[in-house]
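Architecture at a glance
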Amino acid sequence: MMTTVASSSRKDAIAQADEELLATLGYKQEFKRAFSGLETFGVAFSIIGLLPSIASVLFYSIPNGGPSAMVWGWAVASIFILLVGMSMAELASAAPTSGGLYFWTHSLSSPRWRNLLAWIVGYANTIGSVAGIASIDWGCSVQIMAAATIGSKDQSFNPSSGATFGVFVAVVLSHAVLCCLGTQVLARLQTVYVVLNVLLCLAVIVALPAATPSELKNSASFALGNFTNFNGWPDGVHISEEASNAATAVPWAIVGAISIAGILGWAINVSLAFCMGTDLASINDSDQPMAWIFFNSFGQKGTLAVWAIVVIVQYMMGSSMVLAASRQTFAFSRDGALPFSRWLYRMNSFTGTPVNTVWFVCIWSILLGLLAFAGDSAINAVFSLSVTTLYIAYGIPIAARFLGNNDFTPGPFSLGRWSAPCALIACLWMLLMSVVFLFPSTPQTDVGDMNYTVVVQGGVMALSLVYYWFPKYGGMYWFTGPVPTIEEDRKGVEGEVSERSSQTERDVLEKEKGISVSQQDV
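Residues numbered from 1 in each chain as written. Predicted model: local features only at pLDDT ≥ 70, side-chain atom pairs only at ≥ 80, totals over all residues. Heavy atoms only, no water.

Moving on, we come to helix H15 (residues 376-403). With 28 residues, H15 extends 40 Å from end C-alpha to end C-alpha; this agrees with the ideal 40 Å at 1.5 Å per step. The largest bend in H15 comes to about 30 degrees, at Ser384. (Helix = DSSP H or I, 4+ residues; strand = E, 2+ residues; numbered from the N terminus. Expected span 1.5 Å × (residues − 1). Bend = angle between axes of the 7 residues up to and from the residue.)

Laid out in structure tokens, this is it:
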């Protein structure tokens, strides 16, 4: 009994500390803090979605390096992504809010640039999150169709774009319904996600080598050193306000998820490289390379059993992405930056979740999915968009911490003197990869095979800037960054906004008066 009382008192103390920390940032507690440290980690780990993610990127690694790209490409990328995560974790520990990225940008940037940079980061994060939902759920629909192909007679089923899109829409809509549930339900699901993810990874690492026929097993020199080039390029070439003890749980969830994913992912790629055989052309030409590797090793029934779990984990990955994206969008609309913010910034009284923003991000992801009818290059641009726009949103606050005029105070998670070197390497890595993701798949390309990421990203970011600078009604006239929801802080901000609006009106009147005087002189 005393243990129960002590545990309850400790939870109450942590909840009080979380609420007080959020209040110092200007926000009142609106979400229920139902996510434990493990469940917060579960969201981050589920979004990574190890095995499904590897299945999705084999389309790129096999024709651009083969086994070497799979094994060593993953290892190198994991190190740099960990550095990005560690830099982000420091910011999350200092200011754990749902609007994290643009909130950090505004608080750390110099006064002259903070409003514009916060606007850019907020829109980049929103666009990248919506693209992330579209890419993950499109991958899920492709994997479902791959299961249908494997299960068909002689693997003759060939899904059309329309059928795949129909499955995609069903997946997204089911995620919308799921993420409208109460916070406690969503929190408890994260533990299930973590267990299934880890078990699936371990099953592939152990079972695939055991089931693969000897003629398909590769030597170490092939698995770890073969470089295959099919494409022609030269060789070598957001739930912080729902987390308990957020200042500690959120940063460690970020770092822990990336670290474990890096290790397990590398082991999976090694297992695949040793068990995929040497006929890489056939694997590359298949509708789903990982499914084909499994089919050669497990047979039809075994592959369907394993692949069913892959699809489930990919589905979980999508639901976690909708969860994070809807919370970030809720935070951005809380500050009035999105169109229809008054409608978006509403908490459902029954579920205690931001139902409107859940449907907002899901509907927009479905609209992005329509690009599938424009061809593979168009839908692939959505996948790249989810990386390049989020790298903009990650890179700016990390750089602002060191380049802006601020008094940053580290939270419980801090890298100390290694913060600046880590941030520099992270930013350079994101800059490099943002350029790489804009390249077409082959150097000899035409209109149909171009990489349209730069068009899609450039277009949507340009529209957001037009909205910011639009005469008289644009964001530059009223957007002042994060708006406090604590009453006394809000009054101060509203006074500042009112003063700014009054000044703008005075400037306009003075200009009109000056024009009138000039006309009289003429």
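A few words on the pattern of salt bridges. Counted under the stated rule, the structure contains 1 salt bridge. Salt-bridge contacts for Arg401 lead to Glu90; the nearest nitrogen and oxygen are separated by 2.7 Å. When its relative accessible area of 14% is taken as the criterion, Arg401 is described as buried. (Salt bridge = Lys/Arg side-chain N within 4 Å of Asp/Glu carboxyl O. Buried < 20%, exposed > 50% of the residue type's maximum accessible area, 1.4 Å probe, protein only.)

What follows deals with helix H5 (residues 100-108). The buried fraction of H5 is high, at 8 of 9 residues. Regarding H5, the residues found buried are Gly100, Leu101, Tyr102, Phe103, Trp104, Thr105, His106 and Leu108.

We now examine the packing of aromatic side chains. By the definition in use, this model includes 21 aromatic pairs. Pairing Tyr468 with Trp469 gives two aromatic rings, centres 5.8 Å apart and planes at 80 degrees, and the pair type is edge-to-face. Here Tyr468 falls in the buried class, since its relative accessible area comes to 6%. (Phe/Tyr/Trp six-rings, centres within 6.5 Å; stacked < 30°, edge-to-face > 60°.)

So, about the nonpolar core. Core analysis: the biggest nonpolar cluster contains 64 residues, and Trp104, Val322, Val358, Val361, Cys362 and Trp429 have the highest contact counts within it. For this core, the element with the most residues is helix H6 (residues 114-151), which contributes 14 residues. The contact partners of Trp104, leaving out residues within four places of it in the chain, are Met88, Leu91, Ala92, Ala95 and Pro397. (Core = buried A, V, L, I, M, F, W, Y, C linked by side-chain atoms within 4.5 Å. Contact = heavy atoms within 4.5 Å.)

All right, on to a nonpolar patch on the surface then. There is a patch of nonpolar side chains on the surface, built from Ile363, Trp364, Leu367, Leu370 and Phe373 and spanning about 500 Å² of accessible area. Structurally, Phe373 can be placed in the loop between helix H14 (355-369) and H15. When its relative accessible area of 49% is taken as the criterion, Phe373 is described as partly exposed. (Patch = residues over 30% accessible without salt bridge, like charges linked within 9 Å, V, L, I, M, F, W, Y side chains within 5 Å. Areas by Shrake-Rupley, 256 points an atom, 1.4 Å probe, with all protein chains shown as cover.)

Attention shifts here to the packing of helix H7 (residues 161-178) against helix H12 (residues 289-334). Across the interface, H7 lies against H12 with an axial gap of 9 Å and an inter-helix angle of 55 degrees. On the basis of the axis angle, H7 is oblique to H12. With respect to the hand of their crossing, H7 and H12 are arranged in right-handed fashion. Touching Val171, Ser174, His175 and Leu178 of H7 are Tyr315, Gly318, Ser319 and Val322, all from H12. (Axes fitted to C-alpha atoms, helices over the stretch in contact; angles between N-to-C directions. Parallel < 35°, antiparallel > 145°, perpendicular 65-115°, else oblique. Left-handed = near helix turned anticlockwise from the far one by under 90°.)

Note that every value here comes from positions in space, so none of it alone points to a role or purpose.
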